[in-house]
Amino acid sequence: MKQSGLSRSDVYITSKILSPASDDEATYQQVVDSVKKIDPSSNGYVDLFLIHSPNAGSEIRQKLWKALERAHKEGRIRAIGVSNYGRGHIEEMKKYATVWPPQVNQIELHPWCQQKEAVEYCQQNKILVEAYCPLVRNQKSDDKTLNAIADKHAKTTGQTLIRWAIQRGFVPLPKSDTPSRITANADIYDFVLDKEDMAALDNLDQGAQGSIVQAVDNS
Ligand SMILES: NC(=O)c1ccc[n+]([C@@H]2O[C@H](COP(=O)([O-])OP(=O)(O)OC[C@H]3O[C@@H](n4cnc5c(N)ncnc54)[C@H](OP(=O)(O)O)[C@@H]3O)[C@@H](O)[C@H]2O)c1
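In this report, the structure presented in the accompanying data block is examined. (Residues numbered from 1 in each chain as written. Predicted model: local features only at pLDDT ≥ 70, side-chain atom pairs only at ≥ 80, totals over all residues. Heavy atoms only, no water.)

**Here we look at the overall build of the chain**
Line of reasoning, step 1. Summing up its helical and strand segments, the chain has eight helices and six strands in all.
Line of reasoning, step 2. Counting from the amino terminus, the chain carries its helices and strands in the arrangement β-α-β-α-β-α-β-α-β-α-α-β-α-α.
Line of reasoning, step 3. Its C-alpha radius of gyration of 19 Å places the chain within 12% of the 17 Å reference for a compact globule of 219 residues.
Line of reasoning, step 4. Judged by the C-alpha coordinates and their principal axes, the chain covers about 55 × 45 × 25 Å. (Helix = DSSP H or I, 4+ residues; strand = E, 2+ residues; numbered from the N terminus. Rg over C-alpha atoms; globule rule 2.2 N^0.38 Å.)

Next up, the structure:
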């Protein structure tokens, strides 16, 4: 990033924490160390820090959130959020959080795994929804419905999926190591999926069966 010559404010950097250290102080230090590695300047910061997963249990979720809150209060992190959290995990946070709601929930989202309950809950509570695996890791590039819509707009299947996520109000996180794909994946502002296109893509939902990583637990 430094070599690119871009200024720090031109990039948005997200990091995550998965598990706590031996005690609260060490957990907090882990977060601070991560920020320093990413942005070693004296006023270095990370734009967004997430708890990677709720799966380690209630006690650990609380410990991790406390560490993020502390670093956030000190300005080392601009926004704090969660990932793979369902309704119950976020409601539980009300018991201990001084920052609530989490600013972001990053979950798996694409037409085959739409996680409607979690999305509705987040949108009602003004939690920004980030869509991971928005390209379904290219595993659905042969899907007939998707290809028909992509052809209709003279766009690629990837561009169509990213456009679907944006029109659903998500922040899609398409990953690519390939420069030409990175450029193509950003070229999605010159077309709009109409009602029929959106309905056809919405119709592909397979619920938790359609996930390739993890569907959230809303209990
Ligand atoms: N919070 C979580 O638990 C979690 C879990 C999984 C992922 N994520 C995040 O979500 C981001 C995206 O997820 P993901 O990487 O699993 O899935 P993805 O973005 O749906 O798919 C990435 C795959 O699609 C390929 N690809 C990218 N653009 C393409 C295009 N235009 N045409 C054809 N293939 C294309 C990439 O290949 P090349 O790189 O070879 O171009 C890569 O193999 C990740 O970077 C990660 O940060 C978060």
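**Examining the environment of Asn125**
Line of reasoning, step 1. Among the structural elements, Asn125 can be located in the loop between helix H4 (116-124) and strand S5 (128-132).
Line of reasoning, step 2. Linking Asn125 and Pro40, residues 85 residues apart in sequence, is a C-alpha distance of 34 Å.
Line of reasoning, step 3. Contacts of Asn125, omitting those with residues within four sequence positions, involve Trp100 and Pro101. (Contact = heavy atoms within 4.5 Å.)

**Concerning the site of the ligand**
Line of reasoning, step 1. Taken together, 20 residues form the shell around the ligand, and within it Ser83, Arg137, Ser176, Asp177 and Thr178 come nearest.
Line of reasoning, step 2. Between the ligand and Asn84, the relevant distance is 2.9 Å, taken from an oxygen atom to a side-chain nitrogen or oxygen of the residue.
Line of reasoning, step 3. In this structure, Val136 approaches the ligand through a main-chain N or O atom, which is 3.2 Å from an oxygen atom.
Line of reasoning, step 4. Relative to its unbound accessible surface of 900 Å², the ligand loses 77% to contact with the protein.
Line of reasoning, step 5. Within the shell around the ligand, the residues separate by chemical class into seven nonpolar, eight polar and five charged. (Near = heavy atom within 4 Å. Polar contact = N/O pair within 3.5 Å; in protein donor to acceptor, adjacent residues only side chain to side chain. Areas by Shrake-Rupley, 256 points an atom, 1.4 Å probe, with all protein chains shown as cover. Nonpolar A, V, L, I, M, F, W, Y, C, P; charged D, E, K, R; others polar.)

**Digging into the pattern of salt bridges**
Line of reasoning, step 1. Summed over the entire model, instances satisfying the criterion amount to 17 salt bridges.
Line of reasoning, step 2. Linking Glu74 and Arg70 is a salt bridge whose minimum nitrogen-to-oxygen distance equals 3.9 Å.
Line of reasoning, step 3. Taken together, the shared-partner salt bridges in this structure form one network comprising Glu25, Arg70, Glu74 and Arg76. (Salt bridge = Lys/Arg side-chain N within 4 Å of Asp/Glu carboxyl O.)

**Observations concerning the pairing of S5**
One face of the sheet, then the other: side chains in a regular strand alternate in exactly this way.
Line of reasoning, step 1. S5 sits mainly inside the fold: four of its five residues count as buried.
Line of reasoning, step 2. In this sheet, S5 lies alongside strand S4 (residues 104-108) in parallel orientation, the contact comprising five bridges. Residue Val104 lies in a different strand from S5, and its bridge partner there is Leu128.
Line of reasoning, step 3. Once you follow S4 into H4 and on to S5, the crossover reads as right-handed. (Buried < 20%, exposed > 50% of the residue type's maximum accessible area, 1.4 Å probe, protein only. Pairing = 2+ DSSP bridges. Right-handed = clockwise from strand over helix to strand, strands pointing away.)

**Digging into the packing of helix H5 (residues 144-152) against helix H8 (residues 195-202)**
Line of reasoning, step 1. At a minimum axis separation of 10 Å, H5 and H8 run at an interaxial angle of 160 degrees. The angle between H5 and H8 places the two elements in the roughly antiparallel class. With respect to the hand of their crossing, H5 and H8 are arranged in left-handed fashion. On the side of H5, the interface is formed by Thr145, Leu146, Ile149 and Lys152, while H8 contributes Asp197, Ala200 and Leu201. (Axes fitted to C-alpha atoms, helices over the stretch in contact; angles between N-to-C directions. Parallel < 35°, antiparallel > 145°, perpendicular 65-115°, else oblique. Left-handed = near helix turned anticlockwise from the far one by under 90°.)

**Overview of the side chain of Asn105**
Line of reasoning, step 1. Considering the arrangement of structural elements, one finds Asn105 in strand S4.
Line of reasoning, step 2. A relative accessible area of 0% places Asn105 in the buried class.
Line of reasoning, step 3. Contact partners of Asn105, with chain neighbours within four places excluded, come to Val82, Ser83, Asn84, Tyr85, Ile90, Cys122, Ile127, Leu128, Val129 and Glu130.

**Thoughts on unusual backbone geometry**
With glycine set apart, most residues show a phi of negative sign, and most peptide bonds adopt trans.
Line of reasoning, step 1. With an omega of 0 degrees, the peptide bond between Trp100 and Pro101 qualifies as cis.
Line of reasoning, step 2. When you line up the elements, Pro101 lands in the loop between helix H3 (87-92) and S4.
Line of reasoning, step 3. One non-glycine residue with positive phi stands out, namely Asn84, at about 65 degrees.
Line of reasoning, step 4. For Asn84, the position within the fold is in the loop between strand S3 (77-83) and H3.
Line of reasoning, step 5. The phi torsion at Val136 lies on the positive side, around 50 degrees, for a residue other than glycine.
Line of reasoning, step 6. Position of Val136 among the secondary structure elements: in the loop between S5 and H5.
Line of reasoning, step 7. On the basis of relative accessibility, which here comes to 1%, the residue Val136 falls in the buried class.

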